[in-house]
Amino acid sequence: IAKTRNKFKTKKQTTTEHTQKSEKKMHSILCRLVVVVSVFVTTILSSSVVLVSGHMIEGECDLGEPLQISEEVRKSYDVSMTFLENKVWDVIVVTDHWGLHDEMANIEDKLVMDALKELGRTVTRASFRDHSFDWHAGRVIVIRTAWAKYWHLDSYKLFLEQVNMHAFLFNPLPLMRWQTNKIGYMSQLSHFVKVPHTIVVPRTVKEVPAYEDVLQELNCTDIIIKPASGNSGLGIRLIPAGATPAEFEEAMETVMWDELIGEDEDDIENDMLVQCFSHSIAHDGIGEINVYIVDGEVTQAGYAVPPEGGYLIHEEWGGWGTDYEASDAEQKFALEVYKAASIITGTKPLYFRVDMMYDNDGELTLMEIACGATDMNFRDDPEGAEDMAAALDEFLQRKEAQYEELHGTKPKLLTQDEYDSKNSAGFRTFGTPVKDGKFGKEKPWLKWNMDRKIPSKEELMNTSEYHKNWYNAVGSGMKPEETWRVVEDLTIQYGEENHAKMDAEKENGQDV
């Protein structure tokens, strides 16, 4: 039995070793096959090989998605480096024509500016409506107390687009552009955090929704109406329980079509939002909770409550606020909103405020966000201004280091005289000058173009009736600036002939 057992054991061991060798061999073959197939598939299905400034780089670029390239290539072709060149100011803080004379706005901006100066940065301040100010002179432009943007929304949006082309904008333009549409950003954030159940009433409607339908949809008795764009409580109305349909309709129409008119007599984008009124705002002693975030970190929190018997928390309506020790749950909620906004817009905000409340079910609910011309309440928390200045300084240091690595020299700020002298010609330049600007047939790269046969006037006249009539009509004595009338007349003539021909074919039952 022992011999048989040993014999069987030896045979089994040999078989096992043979099997293991076979498996290793098969595994090696499969690995090689996978590599070959992977290379083949990658080569065939690679969505793009992109040419960047003469260099071929491999990258995948799907429709609507950014090009994925290596960090080294990204550094080499960082177009944002140009914002460091030929500038006077490290940072320009943006306010508006009211903010220049408003005590609260002056305090808010001065705290940030003083902190930047302490870090050795040059900084100035201007209104976004100041068209005489040279916005090209700043490296970084930070939107701060431009609170009048709601009354000049079109010019404010245009300002953002323009300065973003030659300076680094904070907050980033995609984020601020996204935040101007409350309906859009709240509906997107509803996939991340809880937002109020909201009825949207476009300003283009001919009739407002029936009051009974609103109450049934929202499942509450006290409702609040507010404009999609606005600040300082303008246009907000409480419709209490027991209100009549006529009162609701009058309030909606007054706010939508009569009240929200800009100073330039342009309508503010005032689609209306209808929501349940959350009684915690007025009755629980907490009101609206504001959590402030700078560079991804919560810096402070506060709360605001309305006056006794009121429902608006804004100072203009008797409301007041103070510091508040936000709970862990409230800070976590704010950071979730911050991260969601970053994911949606693909940007990292420099500053961010999350306004929240406890709804009638006692759950944390988002009221709105603020990340453009935002009151960050630095006057009650000067350290928050220092945090913002430190984040801006760190950003500039990082970009300056990248510039030096790329160009071999540090980017230097100009004095005002140097800047004025450099721009005294009244124009700016960019690009690489050509070495030889002469034009001639001896240029080999022009040969393909110079050898082309250009048809003569007679050949063109035989090409079509249009060319023939054009040459006959223009003649030799007509001035060049008058030929457009001939072209216009001929275009109308031949257009009418073509339409008449098409109409005739259509009457004959032909499919034109």
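These figures come from a predicted structure and were not determined experimentally. (Residues numbered from 1 in each chain as written. Predicted model: local features only at pLDDT ≥ 70, side-chain atom pairs only at ≥ 80, totals over all residues. Heavy atoms only, no water.)

Colleague: So what exactly am I meant to see when it comes to the overall build of the protein here?
Modeller: What the protein contains, in helices and strands, is 16 helices and 15 strands. Partitioning the intrachain contacts of the protein with sequence separation of at least 6 by distance along the chain shows that 65% fall at a separation of at least 24. (Helix = DSSP H or I, 4+ residues; strand = E, 2+ residues; numbered from the N terminus. Contact = heavy atoms within 4.5 Å.)

Colleague: Would you explain the pattern of salt bridges in this entry?
Modeller: Working definition: two side chains of opposite charge can pair if their charged atoms are close together. By the definition in use, this model includes 16 salt bridges. The shortest N-O distance in the salt bridge between R121 and E400 comes to 2.9 Å. In this pair, R121 is assigned in the loop between α3 (103-118) and β4 (123-127) and E400 in helix α11 (residues 382-407), connecting sequence segments 279 residues apart. Residue R121 shares its accessibility class with E400, and that shared class is buried. R353 serves as the salt-bridge partner of D355, at 2.9 Å between the closest nitrogen and oxygen. With a relative accessible area of 14%, R353 lands in the buried category. Here the residues in one salt-bridge network are D90, R121, R139, D393 and E400, joined through shared partners. (Salt bridge = Lys/Arg side-chain N within 4 Å of Asp/Glu carboxyl O. Buried < 20%, exposed > 50% of the residue type's maximum accessible area, 1.4 Å probe, protein only.)

Colleague: Would you mind showing me how to read the sheet that holds strand β13 (residues 320-323) here?
Modeller: The five strands are arranged β13-β12-β11-β14-β15 in an open sheet whose pairing can be described as antiparallel. The open sheet terminates on both sides in strands that have one partner only, identified here as β13 and β15 (364-370). Looking at each pair of strands side by side, their axes are set apart by 25° on average, direction ignored. Examined bridge by bridge, strand β14 (residues 351-358) and β15 share six bridges and lie antiparallel to one another. In the sheet register, Y358 faces β15, and the bridge partner there is L364. Running over the sheet, helix α10 (residues 328-345) touches β11 (288-294), β12 (297-305), β14 and β15 and is turned about 130° from β14. (Pairing = 2+ DSSP bridges. Axes fitted to C-alpha atoms, helices over the stretch in contact; angles between N-to-C directions.)

Colleague: I'm lost on the nonpolar core in this one. Help?
Modeller: One recurring pattern in soluble globular proteins: nonpolar side chains tend to sit buried together. Core analysis: the largest hydrophobic core is formed by 48 residues, its most contacted members being W135, V140, I141 and I143. Broken down by element, this core gets its largest block of residues, eight residues, from α11. The residues contacting W135, other than those within four sequence positions of it, are I92, V94, A126, S127, F128, D130, I141, F159, V163 and H166. If you look at the next biggest cluster of nonpolar residues, it comprises 25 residues, including V291, I293, M356 and I369. (Core = buried A, V, L, I, M, F, W, Y, C linked by side-chain atoms within 4.5 Å.)

Colleague: Before we go on, may I ask you to explain the pairing of β4 in this structure?
Modeller: One face of the sheet, then the other: side chains in a regular strand alternate in exactly this way. Of all five residues that make up β4, five are buried, and the element is covered over most of its length. With burial as the criterion, each face of β4 is covered, one bearing V123, R125 and S127 and the other bearing T124 and A126. Strand direction decides the pairing type here: strand β3 (residues 89-95) and β4, joined by five bridges, are parallel. Residue pairing across strands places V93 opposite R125, the latter belonging to β4. With respect to chirality, the unit in which β3 leads through α3 into the neighbouring parallel β4 is right-handed. (Right-handed = clockwise from strand over helix to strand, strands pointing away.)

Colleague: Honestly, a negative patch on the surface in this entry has me stumped. Any pointers?
Modeller: Together, E118, E297, E383, E386 and D387 line one region of the surface with negative charge. Sorting elements by how many residues they give to the negative patch places α11 first, with three residues. (Patch = residues over 30% accessible without salt bridge, like charges linked within 9 Å, V, L, I, M, F, W, Y side chains within 5 Å. Areas by Shrake-Rupley, 256 points an atom, 1.4 Å probe, with all protein chains shown as cover. Lys, Arg positive; Asp, Glu negative; His and termini not counted. Charge placed at Lys NZ, Arg CZ, Asp CG, Glu CD.)

Colleague: Please clarify how the sheet that holds strand β5 (residues 138-145) should be interpreted in this entry.
Modeller: Sheets are built from strands paired through backbone hydrogen bonds, the pairs being either parallel or antiparallel. Strands sit in the order β4-β3-β5-β6 across an open sheet of four strands; the sheet is parallel. Looking at strand neighbours, the two that pair on one side only are β4 and β6 (168-170), the edges of this open sheet. Direction aside, the axes of adjacent strands within the sheet are offset by 25° on average. Across six bridges, the pairing between β3 and β5 is parallel. For I92, the partnering residue across the bridge sits in β5 and is I141. Across the sheet, helix α4 (residues 153-163) is in contact with β3, β5 and β6; its angle to β5 comes to roughly 155°. Contacting β3, β5 and β6, α11 crosses the sheet at an angle of about 160° to β5.

Colleague: Which parts of the structure should I look at to understand the state of the cysteines?
Modeller: Each disulfide is one covalent bond, formed between the sulfur atoms of two cysteines. Throughout the structure, instances matching the rule amount to one disulfide. Paired by a disulfide, C220 and C276 hold their sulfur atoms 2.2 Å apart. The sign of the S-S torsion, about -100°, decides the handedness of the disulfide formed by C220 and C276: left-handed. In this pair, C220 is assigned in the loop between α7 (211-218) and β8 (223-227) and C276 in strand β10 (residues 272-276), connecting sequence segments 56 residues apart. The class for C220 is buried, based on a relative accessible area of 15%. C276 sits in the partly exposed class, given a relative accessible area of 23%. (Disulfide = S-S within 2.5 Å.)

Colleague: Can you help me understand the packing of aromatic side chains in this one?
Modeller: Two aromatic rings are characterised by how far apart their centres lie and by the angle between their planes. By the definition in use, this model includes 13 aromatic pairs. Geometrically, the ring pair formed by W135 and F159 is edge-to-face, given 4.9 Å between the ring centres and 75° between the ring planes. One end of the pair, W135, is in the loop between β4 and β5; the other, F159, is in helix α4, with 24 residues separating them in the sequence. Since its relative accessible area comes to 5%, F159 is described here as buried. The ring of Y351 carries R144 above its face, with NZ or CZ at 5.3 Å from the centroid. (Phe/Tyr/Trp six-rings, centres within 6.5 Å; stacked < 30°, edge-to-face > 60°. Lys NZ or Arg CZ within 6 Å of the ring centre and 35° of its normal.)

Colleague: Honestly, the confidence of the model for the protein in this entry has me stumped. Any pointers?
Modeller: Parts of the model with low pLDDT should not have their predicted coordinates read in detail. Taken residue by residue, the protein gives an average pLDDT of 78. The fraction at 70 or more is 71%. Confidence drops under a pLDDT of 50 for residues 7-12, and excluding neighbours within four residues, the segment shows zero contacts in the predicted structure. Between residues 34-57, whose pLDDT stays under 50, and residues either more than four places distant or in other chains, the model counts 24 contacts. (pLDDT = per-residue confidence, 0-100.)

Colleague: Just checking my understanding: could you explain the packing of α3 against α11 for this structure?
Modeller: Geometry of a packed helix pair, given as the angle between the helix axes and the separation of the axes. Two elements in contact, α3 and α11, have axes whose closest approach is 8 Å; the angle formed by their N-to-C orientations is 50°. Taken together, the axis directions place α3 and α11 in an arrangement best described as oblique. As α3 packs across α11, the resulting crossing turns out to be right-handed. The segment α3 lies against α11, with L111, V112, A115 and L116 engaging P382, A385, E386, M388, A389 and L392. Per-class residue counts for the contact of α3 with α11 are nine nonpolar, no polar and one charged. (Parallel < 35°, antiparallel > 145°, perpendicular 65-115°, else oblique. Left-handed = near helix turned anticlockwise from the far one by under 90°. Nonpolar A, V, L, I, M, F, W, Y, C, P; charged D, E, K, R; others polar.)

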